[in-house]
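Here are the chains, one letter per residue:
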Amino acid sequence: MERLSPATLATLPPSVARPAGARPAGPRIVHLGLGAFARAHLAAYTQEANAKAGTTWQIVGVSLQRPDMRDALKPQGGLYTLVTRAPEGPIFELLDVVTDVLVAPENPAAVVDVLADAATRIVTLTVTEKGYCHLPSTGRLNLEHPDIGHDLAHPETPRSAPGFLVAGLAKRRAQGLPPFTLLSCDNLPSNGRVLHGLVLEFAAKLDHALAAWIEETASFPCCMVDRIVPATTASDIAETAAAIGLHDASPVMSEPFRQWAIEDHFISGRPAWEMAGAEMVAEVAPYEFMKLRMLNGAHSSLAYLGYLAGHETVADATADPLIAAFLERLWAEIIPTVPAPPGVDLADYARRLLERFRNPAIRHRTWQIAMDGSQKLPQRLLGTLRWRLERGHPCPAILLGIAGWMRYAAGQDERGQPIDIRDPLAARFAAIASAAGDDPAALVDGFMQIESIFGGDLPARDDLRRALTASLGTLLSHGAHETLAHFLNWSPNAGASNQRSGA
C-alpha cells in the first residue's frame, strides 16, 4: 500500500476530509512534546482556525526524547490522520499544520535555533507532569533532577524543557528579538504560573539579568485542555489504512468532545483559536479546577481501581456498575471543592464525563492512565483531599482512590502477577513494597514519606494515615471488586435501586 504523503493526496476517497491546499510559510508555533494529544488538540484547533480566519500558522514539533514521531511524519510531509471515534462510527480527517519535527537529543542546537527564530511567536508544551522537572508538592524546580543539573552546567546543549526554553529566550535576547509567549497545555494547576516560576528560577541560576528580562517581557498564559486521546494501536493503523486507502504510520485517535480555555495574554499574536471553538477567558482557574479534579481525578481513581478489578479500558471499567457508582460517589465529594466556571452546572458536567468514559469507540487503557502517578496525584486528588480535610468534611471515596494508587504502585496485581509500573519513582515504590510486604500500615507509611507527593502536612495527620490504612488493608485482603461492593453497600442482586443508593 502506498504511503500517505502530499504526492498521494489525490487518491484519497471523498469521505476523508483533507487540507485546503498548499501551506505557505507563516508565523510559527514550536511545540515541545509532540505526542498524540497535541496532534489531536492543538493541531486540530490551529488547522481549523487557519481555515476559518485565512491565516497560515504552522507548528514545528520537538521530540525531547525519541525520534519515533519524526520518523513517522517526515516521509508523510507532516501529514497524518485524525480519527474521531464517535459511538456512531469514526470520522477521518487529514491534518497538515505540522511542518517539521525536530529530535532534541540528536541536535539540541537546532531546537534552540528554531526557538530563537523571529518567526516563532508561541511555544506550547505537552511534556506531561514529569517533563517540568519540578517537585509537584511545591511547584519548585527539582535541582536534583539529572537533566536540570546537566542543563545548568551546559546551557548551550540542554536536555530538559526548562533548559530549552531558557536557552531559546537567551538567544532571542542576545539577538535583540522579543520573547515568545510560553503556553503550557499540561494538566497542572495554574500551569502558566508554574511554568513562569520554573523558567525564572532556572534563568536566575544562569543570569539574573536574563531572568529579569524574561520577567518583564515574556508572557505565560494559563490554559485548560480537554480531549480523551488514547494511544494508537496496530489495529488503529490498519483501520485507518483501510478507510483512506493509504498507509499512515501515525494516525491519532480521539473522542468527539474537545475543550480549550485559554487566558488571552499573547505578546506576538496567536491563531484565531476562538473561531475553532476555544474559549478565550480572563481567568482559567475555574476551568482548571473543574477538569483536574473532576475529570483527571476521576480518571486516575478509575484507572487504579479499574486495573486492579481486571478492566483493560476506561469503557470496560465504567460499564461495571460498581465502578460507575463509585465515580458518582467520588464526584459528590469533589464538586463542593470546585468553583464552577461561568454558566457550567457541575452535576451536569459529571454526567457528561460518565458518558464520555463509557464511549465504546475509545479504547483508553487503564494502564496508560495509571502511568506517572507520583506526578499526577498532587494535582488530581491531593488538592481535593486537603480542601475537605481542612473543613472537616469526610472523603472516603477520595481516600479509596489514593489507596488504589498505593495498591497499584506496590507492583503486584490481585493474581500475584507483577505490574509494569511506569513512574519516575518506580524504584522507590519497589523498595517500599519490598520492605512493607503485605502490611498496609507499613505501605501507607512508606508511600506517605515521599515528600514530593504528599508534602509535609499530610503525613503529619494520624487520622489520615489510619483511614488510608483501613482502605488499603481492605483492598489487599479482599480485592478491588469486593472492596467497592463493600464501600457502596452493594448487593449484586439488588438492581437499580441499590445502584441509586450507591451513588
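Up top you'll find the structure we're talking about.
All of the points below concern the structure found in this document.

Thresholds applied
- Residues numbered from 1 in each chain as written.
- Predicted model: local features only at pLDDT ≥ 70, side-chain atom pairs only at ≥ 80, totals over all residues.
- Heavy atoms only, no water.
- Helix = DSSP H or I, 4+ residues; strand = E, 2+ residues; numbered from the N terminus.
- Buried < 20%, exposed > 50% of the residue type's maximum accessible area, 1.4 Å probe, protein only.
- Pairing = 2+ DSSP bridges.
- Arc of directions from axis to C-beta.
- Contact = heavy atoms within 4.5 Å.
- Polar contact = N/O pair within 3.5 Å; in protein donor to acceptor, adjacent residues only side chain to side chain.
- Axes fitted to C-alpha atoms, helices over the stretch in contact; angles between N-to-C directions.
- Salt bridge = Lys/Arg side-chain N within 4 Å of Asp/Glu carboxyl O.
- Lys, Arg positive; Asp, Glu negative; His and termini not counted.

1. As for unusual backbone geometry
Here the phi dihedral of threonine 128 falls at roughly 65°; this positive angle occurs in a residue that is not glycine. Note that threonine 128 resides in the loop between strand S6 (120–125) and helix H5 (146–153). According to the relative accessible area criterion, threonine 128 is partly exposed, its value standing at 35%.

2. Concerning the pairing of strand S4 (residues 89–95)
Relative to S4, strand S3 (residues 80–86) is paired through 7 bridges, and the arrangement is antiparallel. In the sheet register, tyrosine 80 faces S4, and the bridge partner there is leucine 95. What sits between the antiparallel neighbours S3 and S4 is a turn of 2 residues.

3. Some thoughts on helix H8 (residues 208–217)
Considered for burial, the residues of H8 that qualify are Leu210, Ala211, Trp213 and Ile214. Each buried residue of H8 lies within a common arc of 160° when the element is viewed along its axis, so the set occupies one face. Turned more than 90 degrees away from the buried face of H8 sit His208 and Glu216, all of them exposed. Elements in contact with the buried residues of H8: helix H6 (161–175) and helix H7 (191–206). Two or three places before alanine 209, at the opening of H8, aspartate 207 has a side-chain oxygen 2.9 Å from that residue's backbone nitrogen.

4. Notes on the environment of glycine 192
Take glycine 192: it is sitting in helix H7. Classification of glycine 192 as buried rests on a relative accessible area of 0%. Distance in space between the C-alpha atoms of glycine 192 and aspartate 463 is 35 Å, their sequence separation being 271 residues. Setting aside residues no more than four positions away along its own chain, glycine 192 makes contact with Phe220, Pro221 and Cys222.

5. Side note on the sheet that holds S3
Ordered in space as S4-S3-S9, the 3 strands form an open sheet in which the pairing is mixed. Single-partner strands in this sheet number two, and they are S4 and strand S9 (252–254). Going from strand to strand, the sheet's axes swing by 25° on average, the running direction of each strand aside. Relative to S9, S3 is paired through 3 bridges, and the arrangement is parallel. Bridging across to S9, leucine 82 finds its partner in valine 252. Against the sheet, helix H2 (residues 42–53) engages S3 and S4, with an angle of about 70° to S4.

6. Overview of the pattern of salt bridges
Applying the stated criterion across every chain yields a total of 27 salt bridges. Where arginine 422 meets aspartate 420, a salt bridge forms, and the shortest distance between an N and an O atom there is 2.9 Å. Accessibility expressed as a relative area gives 40% for arginine 422, which makes it partly exposed. Judged by relative accessible area, which is 36%, aspartate 420 ranks as partly exposed.

7. Considering the side chain of aspartate 320
Positionally, aspartate 320 belongs in the loop between helix H11 (314–318) and helix H12 (321–334). Here aspartate 320 occupies a buried position and makes no salt bridge, while the nearest side chain of opposite charge, arginine 358, is found at 9.3 Å. Here leucine 322 takes part through its backbone nitrogen, which lies 2.9 Å from a polar atom of the side chain of aspartate 320. When near neighbours in sequence (up to four residues on either side) are disregarded, aspartate 320 contacts His311 and His481.

8. Considerations on the sheet that holds strand S11 (residues 279–281)
The 3 strands are arranged S8-S10-S11 in an open sheet whose pairing can be described as mixed. A strand with exactly one partner marks an edge of an open sheet, and here the two such strands are strand S8 (223–226) and S11. Across the sheet, the axes of successive neighbouring strands diverge by a mean angle of 15°, strand direction being ignored. Bridge analysis of strand S10 (residues 259–263) against S11 gives 3 bridges, and the strand direction is parallel. Each bridged residue has a counterpart across the sheet, and for isoleucine 262 the counterpart in S11 is methionine 280. Contacting S8, S10 and S11, helix H10 (residues 285–308) runs over the sheet at an angle of about 40° to S8.

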